[in-house]
Amino acid sequence: MSRSWSPRPRRGYVARPRSLWRRLVDYGLAVIILGLLILLAARLDRVETRKTQGLAIINDGDSITLGTERIRMRGIDAPEYTQTCRKNGTDYSCGTLARQSLVRLIAGKPVSCTGWQRDRYGRLLGDCTAGGKDLNRAQVEAGWAVAYGDFESEEAVAQAGKAGIWAGTFDQPQDWRDSHHGEVVEKKHGTLASIGDAVREIFRFW
């Protein structure tokens, strides 16, 4: 005698209608995401590379002015104009010499700087050239600026050759600024700082 077997009928799945509150939350999230996308698209112009060129006014060893644009040279940090260093047991005006080094590198030629970031003082963080020479790199190679987020290999060569400030002893420009209240405080231009700057540039409203 055979026994017949028939599967039990499955119950159909019936989706429960979403509550009004859940639908409102979903609509709200959709509106927020759409608004953020619109805002992002509207602010992308702030991260476009800016280029400025002309005859430079040299302020110190790592900052210049081109027309109305103040520029802080990216990736380097030179002694402040009033900073002193020490060599052979004697203090000397290394900040003044750092500026003179940049004056010699530019040699009256037109300067071109490009960049997209700005520091807390509104200065463009620029990569600058004059007569085809990379000024940022050249200042570090000459020993009149330290690496500050870039140009570490150039700094190592200058240090080994006792070029510029490496011929004696000196306070790192950042440390010197920290100990002299009222002086400009710079931020290191490393990768993490660049990412943070990009986010701030996109969502900056002022």
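Everything numeric here is computed off the predicted structure, so don't read it as measured data.

Concerning unusual backbone geometry
We note that Asn88 has phi near 55°; this positive angle belongs to a residue other than glycine. By the element assignment, Asn88 lies in the loop between strand S6 (85-87) and strand S7 (90-92). Phi angles above zero are rare outside glycine, and Phe151 is one such case at about 60°. Classification of Phe151 as buried rests on a relative accessible area of 4%.

Focus: helix H4 (residues 152-160)
When H4 is considered as a whole, its buried residues turn out to be Glu154, Glu155 and Ala158. End-on view of H4: buried residues confined to an arc of 100°, all on one side of the axis. Those residues of H4 that are exposed and angled more than 90 degrees off the buried face are Val157 and Ala160. Remark: Lys162 follows H4 within two positions and exhibits a positive phi of approximately 55°.

Regarding the pairing of strand S8 (residues 111-115)
Summarising burial for S8: 4 of the 5 residues are buried, a large majority. Pairing geometry for strand S1 (residues 50-54) and S8, over 5 bridges, is antiparallel. Within S8, the position partnered with Thr52 by the bridge is Cys113. Looking at chain direction, S8 and strand S9 (residues 124-130) are connected through 4 bridges and run antiparallel. Each bridged residue has a counterpart across the sheet, and for Cys113 the counterpart in S9 is Cys128.

Some thoughts on the environment of Arg72
Along the chain, Arg72 turns up in strand S4 (residues 69-73). Residue class for Arg72 comes out buried when judged on its relative accessible area of 0%. Put simply, Arg72 and Arg123 are 51 residues apart on the chain and 6.0 Å apart in space, counted from C-alpha to C-alpha. At 3.1 Å, the side chain of Arg72 and the side chain of Asp77 are in polar contact.

Points about the confidence of the model for the protein
Per-residue pLDDT for the protein has a mean of 82; in total, 72% of the residues score no lower than 70. Confidence drops under a pLDDT of 50 for residues 183-206, and excluding neighbours within four residues, the segment shows 52 contacts in the predicted structure.

Quick look at the state of the cysteines
The final tally for this structure, using the stated rule, is 2 disulfides. Paired by a disulfide, Cys85 and Cys94 hold their sulfur atoms 2.1 Å apart. Residues Cys85 and Cys94 are joined through a disulfide that is right-handed, its torsion about the S-S bond being 70°. Exposure class is identical for Cys85 and Cys94. Each is buried. Sulfur-sulfur distance for the disulfide between Cys113 and Cys128 comes to 2.1 Å.

Cut-offs used in this document
Residue numbers run consecutively from 1 along every chain, following the written order of its sequence. For a predicted model such as this one, the threshold for reporting local features is a pLDDT of at least 70, and the threshold for listing and counting side-chain atom pairs is 80 or more; totals across whole chains, interfaces and linings nevertheless cover every residue. Neither water nor hydrogens contribute to the side-chain values; these are computed over all heavy atoms in the structure. The helix and strand labels rest on DSSP assignments: H or I over at least four residues marks a helix, E over at least two residues marks a strand, and numbering proceeds from the N terminus. Three labels apply to residues, based on accessible area from a 1.4 Å probe with only protein chains included: buried if under 20% of the type maximum, exposed if over 50%, partly exposed otherwise in between. The arc in question is the one traced by the directions running from the helix axis out to the C-beta atoms. Two strands pair under a simple rule: DSSP has to find at least two bridges between them. Two N or O atoms form a polar contact when they lie within 3.5 Å of each other; inside protein one atom must be a possible hydrogen donor and the other a possible acceptor, and for residues adjacent in sequence the pair counts only when both atoms belong to side chains. The predictor attaches a confidence to each residue, and that confidence, scored 0 to 100, is pLDDT. Two residues qualify as a contact provided that any one of their heavy atoms is within 4.5 Å of a heavy atom in the partner residue. Two cysteine sulfur atoms make up a disulfide if the distance between them is within 2.5 Å.

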